[in-house]
Amino acid sequence: MSGVGIRGAENAAPPLVAEGLVRAYAGVRVLAGVDLTVETGETLALLGPNGAGKTTLLRVFALLLRPSAGRLTLFGVDARSAPPALRRRLGYLAHESFCYPDLSGEENLAFHARLFRVPAARERVAALLAWAGLETAGRRPIRFYSRGMSQRLALARALLHEPDLLLLDEPFSGLDPAAVETLQERLVALREAGRAIVLTTHDLDRAAPIATRTAILHRGRIASVLDGRGADDVAAAYRAVVAGGR
Amino acid sequence: MRGALVIFRKDLSIEWRTREGVSSVLVLGLLLLVVLTVAHDAPPEAAPALAPSFLWATFLFTGLLGVQRGFLLERENDCLAGLLVSPIDPAAIYVGKLAANVALLAVMQLFVVPLVGLFLHLDLMPVLPALLVVLALGNFGFAALATLFAAISVRVRAREVMLPLLLLPLLVPLLIGTVSATRSVLAGGLALATDAVTVLVAFDVIFAVAGWLLFAYVVRD
């Protein structure tokens, strides 16, 4: 996974401002008032135990779920209106790949490139397939991909349109150590190019080296925010929050 | 509408590669026609009266299968969410899926209509242009409503049961209109089917506009 160009992001407003975000399912509050700001050129690692609401929060940020209450502002725009131009600035990696099993990796990326109106789409798709190490496998239907290959393709899809705000749900999941390293390098390069990144993970050792801030989500709220700490400090804070039930 | 075209082409591309949708609706259509023909064992003079019900009953059940499959494509790997995070209007997703469903159902009609003529010993060639108008209106109206409801049912449990339960009651006016129009066409031409065709046009317009307007609310959580 290497060698794809990065466009600079210009916008005065913070990429993401969440104020009192609440999301309830059948009366159960999965998000119980999340307040969070993500600035340009920042990588925020979102940690939390299973069921803390990390995936729900990312789906709200990706405009796939409407908050039950609270306010989400993306690049200075109220997300309730969710205009198409706003979605163009978001890249979202979910647990699922969003790719069609009967199409090849190349066809899937080309399809999403057309949806996002990516300029020079053919070259961009080829470059991302090479970055993901799928040059040869890219011509095969993805039904036959391994878990790691699907994850690399999904990452390529999320990066395809050079989004200004990347939302990555468990990006290291299923990747081998070499692919993890390449992804970390890529995420650092994106951050340095001015992109904002929010990633959820359980893997502190992989997230800590690239995160500029770490937020711990517990029981639907941001229980703690740490600035640029090492994995040990983050792990200690995480244990304190979860064990203390804050 | 560029997004709609991209989705339409993608659906056709997948269908061309797998042929799962077309083959399943064609086989089901053939089986339904055989069952109906054997069950009625109709004399030749009864054929014009039976043909509309054969045609549209077959269309209805095979259409349900085809439309449902069209949305199951979007369920695997949560591909529908992939469309929803893209910078296209949800209405464009509706139009793209609608166009793909209309195309699939048209292929099915191309197969079923000659078989109805064959099984009932009915010469459909003299009325074919008028019949094509009724077939197109029935196809579009069915697809307009079914595309919207397939998007609803694909997100719920027991989706195989839910789509017919939700859809069939609402399709009754379309079914009455298409059967009536087809009967009139077989009896003498499109001029005799004015009232029924008016009902079909109204149905098509109402549910296409409803689908266009409501689709965003149906697919977004």
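Quick caveat, the model's predicted, so the values are computed rather than measured.

Caption draft 1: Layout of the overall build of chain A. Helix and strand counts for chain A stand at 8 helices and 10 strands. Taking 18 Å as the expected radius of gyration for a compact globule of 246 residues, we find that chain A reaches 18 Å, a close match to that expectation. When burial is assessed residue by residue, chain A has 59% of its 246 residues classed as buried. Across chain A, contacts joining residues at least 24 apart in sequence account for 69% of those joining residues at least 6 apart. Summing over all exposed atoms, chain A offers an accessible surface of approximately 9,700 Å²; the carbon and sulfur share of this is 50%. With 31 positive and 25 negative side-chain charges, chain A shows a spacing of 7 Å between the two charge centroids.

Caption draft 2: Summary view of the packing of helix H2 (residues 20-40) of chain B against helix H5 (residues 90-120) of chain B. All names here are of chain B. For the pair H2 and H5, interaxial distance at closest approach is 10 Å and the crossing angle is 25 degrees. One way to sum up the angle between H2 and H5 is to call them roughly parallel. Viewed along their axes, H2 and H5 form a crossing whose handedness is right-handed. In this structure, H2 contributes Gly21, Val22, Val25, Leu26, Leu30, Leu33, Val34 and Thr37 to the contact, and H5 contributes Leu104, Val107, Met108, Phe111, Val112, Leu115, Val116 and Phe119. For the contact of H2 with H5, a count of residues per class yields 14 nonpolar, 2 polar and no charged.

Caption draft 3: Expanded view of empty space enclosed by the protein. Residues and elements named next belong to chain B. The final tally for this structure, using the stated rule, is 4 cavities of 30 Å³ or more. As for the largest cavity, its lining consists of Ala51, Pro52, Leu55, Val113, Val116, Leu124, Leu131, Thr182 and Leu186. Those elements giving two or more residues to the lining of the largest cavity turn out to be helix H3 (47-75), H5 and helix H7 (159-187). In terms of residue count, the dominant contributor to the lining of the largest cavity is H3 (3 residues). Here the residues of the lining of the largest cavity sort into 8 nonpolar, 1 polar and no charged.

Caption draft 4: Structural view of the environment of Arg195 of chain A. All names here are of chain A. Relative to the helices and strands, Arg195 resides in the loop between helix H6 (177-192) and strand E8 (196-200). According to the relative accessible area criterion, Arg195 is buried, its value standing at 1%. In this structure the side chain of Arg195 is engaged in a polar contact, spanning 3.3 Å, whose partner is the backbone oxygen of Pro163.

Caption draft 5: Representation of a positive patch on the surface in the model. There is a patch of like positive charges on the surface, built from Arg88, Arg114 and Arg117 of chain A together with Arg2 and Arg9 of chain B. According to the relative accessible area criterion, Arg88 of chain A is partly exposed, its value standing at 32%.

Caption draft 6: Main features of unusual backbone geometry. Residues and elements named next belong to chain A. Positive phi outside glycine occurs at Glu162, with the angle close to 50 degrees. Checked against the element boundaries, Glu162 lands in the loop between helix H5 (147-159) and strand E7 (165-169). Unlike most non-glycine residues, Glu170 shows phi in positive territory, near 55 degrees. Along the chain, Glu170 turns up in the loop between E7 and H6. Among the residues examined, Glu170 registers a relative accessible area of 17% and is labelled buried.

Analysis parameters
- Residues numbered from 1 in each chain as written.
- Chains lettered and ligands numbered in written order.
- Predicted model: local features only at pLDDT ≥ 70, side-chain atom pairs only at ≥ 80, totals over all residues.
- Heavy atoms only, no water.
- Helix = DSSP H or I, 4+ residues; strand = E, 2+ residues; numbered from the N terminus.
- Rg over C-alpha atoms; globule rule 2.2 N^0.38 Å.
- Buried < 20%, exposed > 50% of the residue type's maximum accessible area, 1.4 Å probe, protein only.
- Contact = heavy atoms within 4.5 Å.
- Areas by Shrake-Rupley, 256 points an atom, 1.4 Å probe, with all protein chains shown as cover.
- Lys, Arg positive; Asp, Glu negative; His and termini not counted.
- Charge placed at Lys NZ, Arg CZ, Asp CG, Glu CD.
- Axes fitted to C-alpha atoms, helices over the stretch in contact; angles between N-to-C directions.
- Parallel < 35°, antiparallel > 145°, perpendicular 65-115°, else oblique.
- Left-handed = near helix turned anticlockwise from the far one by under 90°.
- Nonpolar A, V, L, I, M, F, W, Y, C, P; charged D, E, K, R; others polar.
- 1 Å grid on protein atoms, 1.4 Å probe; cavity = no way out; pocket = protein on both sides within 12 Å on 5 of 7 lines; lining within 4 Å.
- Points joined across faces, edges and corners; volume = space filled by probe spheres on them.
- Polar contact = N/O pair within 3.5 Å; in protein donor to acceptor, adjacent residues only side chain to side chain.
- Patch = residues over 30% accessible without salt bridge, like charges linked within 9 Å, V, L, I, M, F, W, Y side chains within 5 Å.
- Salt bridge = Lys/Arg side-chain N within 4 Å of Asp/Glu carboxyl O.

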